[in-house]
Amino acid sequence: MKFYNTLTRQKEEFVTAEPGKVKLYACGPTVYNYFHIGNARTFITFDALRNYLQYRGYEVTFVQNFTDVDDKIIQQALKENLSPKEISEKYIDAYFKDAESLGILKADVHPRVTETITEIIEFVQALMDKGFAYELKGDVYFDVEAYPDYGALSKQSLEELKSGARIEVNEAKKNPLDFALWKTAKPGEPSWDSPWGKGRPGWHIECSAMAKKYLGETIDIHGGGGDLVFPHHENEVAQSQALTGKPFARYWIHVGYLNVDNRKMSKSLNNFFTPREIAEEFDLEVVRVFMLSAHYRNPINFSREGMEASKNGLERLYNALDNWRYYSEKTEQTPVEGDEARLREVENHRTRFTEEMDDDFNTANGMAVIFELVKTVNEMITQKPGKKVLETAMQLLQELSGVLGLLTKRKDQDRSLDTEIEALIRERQSARKEKNYPRADQIRDELTAQGIVLEDTPEGIKWKRLAKK
Ligand code: AMP
Ligand code: ZN
């Protein structure tokens, strides 16, 4: 398996620190509002990456934090007339709800800043003891000059960075690039006691402290959206490596932007859509297809056409499953001539899928293999293959789609529904036989309302479910 590593700017063979185990950390949201589908792109990527690593046999420990202390949270609290704690609680609940609707599973740990204060203070103190940080009237800064490798991740020298740096309000800092590890609290702000007085952590330190607390000194994969490379991740590397003297993350993975008219979707540009808004028009599983149809490092432009195409693609997958199930139920157990070759052809898609996905997690090509499987099997059906071929195809389609977090939603809930629908269809057929047309029509309307379409075929009535909305 290979990943493009931001640290080395090249694709590298994936070798974990401990064989068979992956320690994965992704930066999570600042919880002051509903997240938008730009954020969702990054969350979906790491969710699917975790699935894929598990699929390839790794034991994965996945940590994704919540930034629940921040200026934006304090401002939003004033706006909504709630306390900062109430704001972060509200939007953490909303995160889990929205994430679930996008098929994003929980991480193993979702640490919060407010629950990591002790570790953060210890971390900052240790950096001061080692001479990497200094105090200025209750604030503590990281001293970038004391850490010679500063700029290694974003590939910029201290001089280059300095010339691009904004002139800061706090001119007492030794270097304009020095960043806050701890900040004195202003009146009314959330604060904690510390060796430097009442205050709260700076932003970057939380991820270094949480990664160390839950995953140890060196992690395998660290990631987030591309906007985090500098300064956030650069600062994380500096803090962690200054403290431990060991590499912080072996592989850095950064997700390309979800753009709108070629500009990054963001709260500040007010060009964003939340999953809640999208759900008014599309099933959110369509969003997953849309995001994973591109390579994670490439930018994606958000468009209605793209969403419509993804919706059709998803419908194709569900219809294939329904069709194959229908034919498989009508087919005898006994193998048919040519089945061995057909089975090989079907199974071959698994190998091709993993080859594509092993190459820097290429979900775009992985999806393409899934659609090829659908095409191949649909064509095979005209040759009336045996039951085993159809069952294998169904399982494989669900297996590969499942890795991408697709086709998982309707599977369980609909199995029981399927029997209900089939009972209704049988009832409608007998109603028609008895010339009870009002009842037959009533049943058809009922089925239509549930998004079920009936089709007369030479083998009898066939039904399929239209993708929602
Ligand atoms: P934030 O709450 O702003 O810290 O963002 C949470 C995550 O979403 C971070 O990993 C960001 O890098 C990522 N992110 C923000 N905007 C976008 C976007 N338009 N496309 C992809 N990822 C994004
Ligand atoms: Zn972070």
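Given the structure is predicted, the values throughout are model-derived calculations rather than measurements. (Residues numbered from 1 in each chain as written. Chains lettered and ligands numbered in written order. Predicted model: local features only at pLDDT ≥ 70, side-chain atom pairs only at ≥ 80, totals over all residues. Heavy atoms only, no water.)

Caption draft 1: Expanded view of the site of ligand 1. In the region of ligand 1, 18 residues are neighbours, and T42, G225, D227, L258 and M265 sit closest. Interatomic distance of 2.9 Å between a backbone N/O atom of L258 and a nitrogen atom of ligand 1. Those elements giving two or more residues to the shell around ligand 1 turn out to be α1 (37–55) and β9 (219–225). Sorting elements by how many residues they give to the shell around ligand 1 places α1 first, with 4 residues. For the shell around ligand 1, a count of residues per class yields 7 nonpolar, 9 polar and 2 charged. (Near = heavy atom within 4 Å. Polar contact = N/O pair within 3.5 Å; in protein donor to acceptor, adjacent residues only side chain to side chain. Helix = DSSP H or I, 4+ residues; strand = E, 2+ residues; numbered from the N terminus. Nonpolar A, V, L, I, M, F, W, Y, C, P; charged D, E, K, R; others polar.)

Caption draft 2: Representation of the coordination of the zinc ion (ligand 2) within the structure. Summarising the metal site, the zinc ion (ligand 2) is bound by the protein donors C27 (SG), C207 (SG), H232 (NE2) and E236 (OE), whose distances to it range over 2.0 to 2.5 Å. Metal-centred angles of 74 to 128° between the 4 donor atoms at the zinc ion (ligand 2) mark the site as irregular. Expressed as a motif, the donor residue spacing for the zinc ion (ligand 2) is C-x179-C-x24-H-x3-E. In this pair, C27 sits in the loop between β3 (21–26) and α1 while H232 sits in helix α7 (residues 229–244), placing the two residues 205 residues apart along the sequence. Take C27 and H232: they sit in the same class, and that class is buried. (Donors = N, O, S within 2.8 Å, 3.2 Å for Na, K, Ca; no water. Tetrahedral: all angles 85-135°; square planar, octahedral: opposite > 155°, others 65-115°. Buried < 20%, exposed > 50% of the residue type's maximum accessible area, 1.4 Å probe, protein only.)

Caption draft 3: Looking closely at the nonpolar core. If you look at the biggest cluster of nonpolar residues, it comprises 85 residues, and the most contacted ones within it are L53, I221, W324 and L397. Sorting elements by how many residues they give to this core places α1 first, with 9 residues. Inspection of this core shows a minimum of three residues originating in each of domain 1 (2–130 + 202–255) and domain 2 (305–403). L397 has contacts with L317, A320, L321, W324, I370, L373, V374 and L407, leaving out every residue within four places of it along the chain. The next biggest cluster of nonpolar side chains, apart from the first, holds 42 residues, and it includes V63, I117, L158 and A249. (Core = buried A, V, L, I, M, F, W, Y, C linked by side-chain atoms within 4.5 Å. Domains from an automatic or database assignment. Contact = heavy atoms within 4.5 Å.)

Caption draft 4: Quick look at the packing of aromatic side chains. By the definition in use, this model includes 26 aromatic pairs. Between F66 and Y95 the ring centres are 5.3 Å apart and the planes differ by 80°, which places this aromatic pair in the edge-to-face class. Taken together, the positions of F66 in the loop between β4 (59–64) and α2 (71–80) and Y95 in helix α3 (residues 84–101) put the pair 29 residues apart, joining distant regions of the chain. Residue class for F66 comes out buried when judged on its relative accessible area of 0%. Arranged with centres 5.3 Å apart and planes meeting at 80°, the rings of Y326 and Y327 form a pair that is edge-to-face. The exposure class assigned to Y327 is partly exposed, which follows from its relative accessible area of 25%. Above the plane of the ring of F96 lies K106, whose end atom (NZ or CZ) is 4.4 Å from the centre. (Phe/Tyr/Trp six-rings, centres within 6.5 Å; stacked < 30°, edge-to-face > 60°. Lys NZ or Arg CZ within 6 Å of the ring centre and 35° of its normal.)

Caption draft 5: Looking closely at the sheet that holds β4. With parallel pairing, 4 strands are arranged side by side in an open sheet as β4-β3-β9-β10. The sheet is open, and its two edges are formed by β4 and β10 (249–255), each paired on a single side. Neighbour-to-neighbour, the strand axes of the sheet open up by a mean angle of 20°, direction not taken into account. By the bridge criterion, 6 bridges tie β9 to β10 in an arrangement that is parallel. Bridge pairing links I221 to Y251 in β10. (Pairing = 2+ DSSP bridges. Axes fitted to C-alpha atoms, helices over the stretch in contact; angles between N-to-C directions.)

Caption draft 6: Quick look at the packing of α1 against helix α9 (residues 285–292). Where α1 meets α9, the closest approach of the two axes is 10 Å, and the angle between their N-to-C directions is 80°. The angle between the axes of α1 and α9 places the two elements in the roughly perpendicular class. Where α1 abuts α9, its residues I37, R41, I44, D47, A48 and N51 lie against V287, R288, M291 and L292. (Parallel < 35°, antiparallel > 145°, perpendicular 65-115°, else oblique.)

Caption draft 7: The arrangement of the environment of D143 in detail. Structurally, the position occupied by D143 is in the loop between β6 (139–142) and α5 (158–164). Among the residues examined, D143 registers a relative accessible area of 8% and is labelled buried. When residues no more than four places from it in sequence are discounted, the contact partners of D143 are F132, A133, Y134, K174 and D178.

Caption draft 8: Focus on the sheet that holds strand β12 (residues 263–264). The strand order β12-β11-β13 describes an open sheet built from 3 strands, whose pairing is mixed. One side of each edge strand has no neighbouring strand; the edge strands of this open sheet are β12 and β13 (300–301). Pairing between strand β11 (residues 258–260) and β13: 2 bridges, direction parallel. Its bridge partner lying in β13, L258 is registered against I300.

Caption draft 9: Geometry of the domain arrangement of the protein. As far as domains go, the protein holds domain 1 (2–130 + 202–255), domain 2 (305–403) and domain 3 (412–465). Here the C-alpha centroids of domain 1 and domain 3 sit 49 Å apart.

Caption draft 10: Just empty space enclosed by the protein, in detail. By the definition in use, this model includes 3 cavities of 30 Å³ or more. As for the second largest cavity, its lining consists of R41, T45, M291, L292, A294, H295, Y296 and T363. Counting only elements with at least two residues in the lining of the second largest cavity, the list comes to α1 and α9. For the lining of the second largest cavity, a count of residues per class yields 4 nonpolar, 3 polar and 1 charged. (1 Å grid on protein atoms, 1.4 Å probe; cavity = no way out; pocket = protein on both sides within 12 Å on 5 of 7 lines; lining within 4 Å. Points joined across faces, edges and corners; volume = space filled by probe spheres on them.)

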